[in-house]
Amino acid sequence: MKLQINNKAYDVEADGDTPLLWVIRDELGMTGTKYGCGLAQCGACSVLVDGMVMRSCVTPVESVAGRSITTIEAIEEDEVGKRVVEAWVKHQVPQCGYCQSGQVIAATALLKQTAHPTDEDVMAAMANLCRCGTYNAISAAVRDLAEEEGAQ
Amino acid sequence: MRKLLFILLPVIAIAGAGVAWFVTRMPASPFDDAAPDETPSAEVLAHGEYVARLADCVACHSTPESAPFAGGLEMATPLGSIYATNITPDPETGIGGYSLADFDRAVRKGVGRDGHRFYPAMPYPSYAKLTDDDVRALYAYFMHGVEPARAENRKSDIPWPLNLRWPIAFWSAAFSQSGVYEEKAGQDELWNRGAYIVQGPGHCGSCHTPRGLAIQEKALDEGSNLYLSGAVLDGWFAPSLRGDHNIGLGRWSEEEIFEFLKTGRNEHAVVFGSMADAFNNSTQFMTDEDLKAIAHYLKSLPGNPEKDGAPWAYDPSSNEALAFGKLGETPGAQTYVAKCGFCHGADGRGQGRWIPSLAGSASSLAPDSVSSINVTLNGSARIVADGVPDSYRMPPFRNQLSDQEIADVLSFIRTGWGNSGGAVSADDVKKLRDRTDPARSEVIVLQMR
């Protein structure tokens, strides 16, 4: 099976029903994407597929063959992703950091779809869990990004 | 007056004696004069084990903690709980003392060795159709292939006089067509084999056929169009297995039915609710030939378009409500995006055969919303195919979403994408939440509604 991850082509051997997360982490060794709950509940495993956020722990790898996958490793190659990371640094969002790759992916997907999201949009899109409780910092960073003049 | 009494008394006495005879009599078995039990061949044992798989005996006659077939599973009825019995060959607490004829009467007639009548929680109206060969092999398996386990049977919690068993004899006479399955002329071998498994050992109708006031299945074979036409049981909606386009198998091919029973999933659906047990313990162990036969038979049952309603077709316009900027406008849309869409898709169409589509699913089209609510509150059971647990499971949302949030998101799902199941109220959710609370002591198994 051929996968397109971070603009590179990979040939993977996993069975078609293997969750994408385990292909990325175990077979391809990219460990920035985290395992949290395995049930699409926490968001730690989020990646972008064709610009949309997907929970890789519940995504059968065969369903994303041939589509464009972006993981945290390459998020700064994306213009929106780069701005998100900058805002994260500015607001010093992470504490332990385990959930943060998923948080950054979720924020990037949101802002790629709508440059000026409403509060409902933010609540629906930023549903990732954070054990350290960095929600206030995340909220401040996303609000900053949503209000940026240059954003389109 | 006295004269009348003299005439009436003997009549009453005779009638009473007749009733007493009828309700306690031991029905005849073709094995009454069978030779005593001999050690069966390996082939017979394997055959018997296979029949036990077809009949899914283990699902009810075991608990997760018990030895296999040692009984103990609690089944709540509106009158009180009853408990499945020990059917291991333990001589004191199990069925070790049963002769083949005793065993036959229990399985096909619902009568115990001491003459007591079984509650029809034991699907003997279906098992009545088992062939003599299958019963003989099943007996051999239970006597020689199952480990004896000492476990006392637990008395039912049903109070006197409702716990008297003899009136069940009348129930059986009225609702149990005794008689081995007879091959239907004009149908091929595959069809007849499928009909035999579905109606007999598979007892599919126990869940999928609607029940009448006396909790009897309204039909036991394809002679009635109510047979396998879908029913609500145990807090789940068991879909129609007939050709109904919306709530049945109308859109499924024989190959897809085969795939579903063999692997637990296909492009249309994934097993959940009570069917997860039936898959984990029974259908996946059936031979390919038998599964094909079942699929072939089921596809011969016509749907009922009048009851089924306008045929479902996918309507993409619901996706507009899920776009950023619009999420606040439709109740449930925000919850869908945050909680459901990652698995079931931003378009409600799931992910291939791994995660089921909500658009066009039987649960989303069924007028009774009980399956939609139950699976949202309590999640789905793990599917173990070929010894391997699957990677994709519905988590329970009982502790994450309020009654109103669940009602809103299910209303969105059941009225979106062309679905016609209809809205769900917070009250519907609350009722099922209370009934299925794992912290509650009253289990809802077998609660017929």
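The written sequence of each chain sets the order in which its residues are numbered from 1. Think of it this way: whatever chain is written first is A, whatever ligand is written first is 1, and the rest follow in order. Only residues with pLDDT of 70 or above have their local features reported here, since the model is predicted, and side-chain atom pairs are shown and tallied only from 80 upward, although totals for entire chains, interfaces and linings are computed over all residues. Only heavy atoms go into the side-chain values, all of them from the structure, while hydrogens and water stay out.

A. Structural context of the interface of chain A and chain B. With 26 residues of chain A at the contact, the number on the chain B side is 19 residues. Using a 1.4 Å probe, buried area is obtained as the accessible area two parts lose upon being combined, added over both of them. Both sides of the chain A and chain B interface together cover about 1,900 Å² of buried area, and 62% of this is carbon and sulfur. Together, L39(A), Q41(A) and A124(A) form the three largest contributors to the area buried by chain A at its contact with chain B, with a combined 26%. One speaks of a salt bridge when a side-chain nitrogen belonging to Lys or Arg is within 4 Å of a carboxyl oxygen belonging to Asp or Glu. Taken together, the links from chain A to chain B amount to zero salt bridges. Two N or O atoms form a polar contact when they lie within 3.5 Å of each other; inside protein one atom must be a possible hydrogen donor and the other a possible acceptor, and for residues adjacent in sequence the pair counts only when both atoms belong to side chains. Along the contact surface separating chain A from chain B lie six residue pairs in polar contact (both at pLDDT 80 or more). Elements with a contribution of two residues or more to the side of chain A that touches chain B: strand 4 (52-55), helix 3 (100-113) and helix 4 (119-125) of chain A. Contacts are assigned to residue pairs that have any heavy atoms within 4.5 Å of one another. Elements are defined by DSSP. Helices are runs of H or I of four residues or more, strands are runs of E of two residues or more, and each kind is numbered from the N terminus.

B. Broad picture of unusual backbone geometry. Residue and element names in this part refer to chain B. With omega at 5 degrees, the peptide bond leading from W160 into P161 counts as cis. Topologically, P161 is positioned in the loop between helix 6 (132-144) and helix 7 (168-175). Here the phi dihedral of F69 falls at roughly 70 degrees; this positive angle occurs in a residue that is not glycine. Its location among the elements puts F69 in the loop between helix 3 (57-60) and strand 1 (74-77). Residue exposure (1.4 Å probe, protein chains only): buried if accessible area is under 20% of the type maximum, exposed if over 50%, otherwise partly exposed. According to the relative accessible area criterion, F69 is buried, its value standing at 8%. In this structure, D234 takes a positive phi of about 60 degrees despite not being glycine.

C. How the structure looks around the nonpolar core. Among the nonpolar cores identified, the biggest contains 64 residues, and F69(B), F103(B), F142(B), I294(B), Y297(B) and L298(B) are the most heavily contacted of them. Top element by residues in this core is helix 6 of chain B. It accounts for six residues. The residues that make up this core include at least three from each of domain 1 (25-175) and domain 2 (189-308) of chain B. In this structure, F69(B) is in contact with C57(B), V58(B), H61(B), S62(B), T85(B), N86(B), I87(B), T88(B), Y141(B), F142(B) and V146(B), ignoring residues within four places of it in sequence. Residues enter a nonpolar core if they are buried and are Ala, Val, Leu, Ile, Met, Phe, Trp, Tyr or Cys, with the set joined through side-chain atoms within 4.5 Å. The next biggest cluster of nonpolar side chains, apart from the first, holds 32 residues, and it includes A40(A), V58(A), V80(A) and F342(B). Residue ranges assigned to the domains are those given by an automatic or database domain assignment.

D. Geometry of the packing of aromatic side chains. All names here are of chain B. To pair, rings of Phe, Tyr and Trp, with the six-membered ring standing in for Trp, must have centres within 6.5 Å; the planes then decide the type, stacked if under 30 degrees apart, edge-to-face if over 60, and tilted in the middle. Taken as a whole and judged by the stated rule, the model has 17 aromatic pairs over all chains. Here the aromatic rings of F103 and F142 are separated by 6.1 Å at their centres, their planes lie at 45 degrees, and the arrangement is tilted. Pair noted here: F103 is in helix 4 (residues 100-109) and F142 is in helix 6, with a separation of 39 residues, a long-range link. Look at W191 and Y297: their rings are 5.0 Å apart centre to centre, the planes differ by 75 degrees, and that puts the pair in the edge-to-face class. In this pair, W191 sits in helix 8 (residues 189-199) while Y297 sits in helix 12 (residues 288-298), placing the two residues 106 residues apart along the sequence. The same class applies to W191 as to Y297, namely buried.

E. Geometry of helix 4 of chain B. Residues and elements named next belong to chain B. Burial runs high along helix 4: nine of the ten residues are buried. Taken as a whole, helix 4 has its buried residues at L100, A101, D102, F103, D104, R105, A106, V107 and R108. Buried residues in helix 4 make contact with helix 5 (124-127) and helix 6. Downstream of helix 4 by a residue or two, G110 has a phi angle that is positive, lying close to 70 degrees.

F. Region of interest: a nonpolar patch on the surface. A cluster of nonpolar side chains, namely L4(B), F6(B), I7(B), L8(B), V11(B) and I12(B), defines an oily patch on the protein surface of about 630 Å² accessible area. Inspection of the secondary structure assignment puts L4(B) in helix 1 (residues 2-24). In this scheme, patches are assembled from residues that exceed 30% relative accessible area and form no salt bridge. Like charges are connected within 9 Å, while nonpolar side chains (Val, Leu, Ile, Met, Phe, Trp, Tyr) are connected within 5 Å. All accessible-area figures derive from a Shrake-Rupley calculation using a 1.4 Å probe, and residue coverage is judged against the displayed protein chains alone.

G. Spatial organisation of the pairing of strand 4 of chain A. The pairing of strand 3 (residues 46-49) of chain A with strand 4 of chain A spans four bridges and is antiparallel. Paired with S46(A) across the two strands is R55(A), which belongs to strand 4 of chain A. Two strands qualify as a pair provided DSSP detects at least 2 bridges between them.

H. Fine view of the sheet that holds strand 1 (residues 2-5) of chain A. Residue and element names in this part refer to chain A. The five strands lie next to each other as 2-1-5-3-4, forming an open sheet whose pairing is mixed. A single partner strand is all that each edge strand has here, and the edge strands are strand 2 (8-11) and strand 4. Direction aside, the axes of adjacent strands within the sheet are offset by 40 degrees on average. Relative to strand 2, strand 1 runs antiparallel, the two being bridged by four bridges. When the sheet's bridge partners are listed, Q4 is paired in strand 2 with A9. To get an axis, fit a line to the C-alpha atoms, keeping to the stretch in contact for a helix; angles then go from 0 to 180 degrees between the N-to-C directions. Against the sheet, helix 1 (residues 20-27) engages strand 1, strand 2, strand 3 and strand 5 (68-70), with an angle of about 80 degrees to strand 1.

I. Local environment of the environment of G16(A). Tracing the backbone shows G16(A) in the loop between strand 2 and helix 1. When the C-alpha positions of G16(A) and P117(A) are compared, they lie 35 Å apart, and in sequence the two are 101 residues distant. Contacts of G16(A), omitting those with residues within four sequence positions, involve M1(A), P60(A), V61(A), E62(A) and W354(B).

J. Representation of the domain arrangement of chain A. Residue and element names in this part refer to chain A. We note that the domain assignment places domain 1 (2-73) and domain 2 (75-147) within chain A. Relative placement of domain 1 and domain 2: their C-alpha centres are 20 Å apart. Facing the 20 residues of domain 1 at the interface are 15 residues of domain 2. Summing both partners gives a buried area of about 1,300 Å² for domain 1 against domain 2, and 61% of it is carried by carbon and sulfur. Taken together, domain 1 and domain 2 are joined by zero salt bridges.

K. How the structure looks around helix 8 of chain B. Along helix 8 of chain B, eight of the eleven residues are buried, which leaves the element largely enclosed by surrounding structure. In this structure, the buried side of helix 8 of chain B is in contact with helix 2 (42-55), helix 5, helix 6 and helix 12 of chain B.

L. Focus on the pattern of salt bridges. All names here are of chain B. Inspection of the entire model under this criterion finds 22 salt bridges over all chains. A salt bridge links D390 to R265, with the shortest nitrogen-to-oxygen separation between them at 3.2 Å. One end of the pair, D390, is in the loop between strand 6 (388-389) and helix 17 (403-415); the other, R265, is in the loop between helix 10 (254-263) and helix 11 (274-281), with 125 residues separating them in the sequence. Considered together, D390 and R265 belong to a single accessibility category, that of buried residues. Residue D403 is joined to R433 by a salt bridge in which the shortest nitrogen-to-oxygen separation is 2.6 Å. Here D403 is found in helix 17, whereas its partner R433 is found in helix 18 (residues 426-435), with 30 residues between them in sequence. Connected through salt bridges with shared partners, the residues D32, D102 and R105 form a single ionic network.

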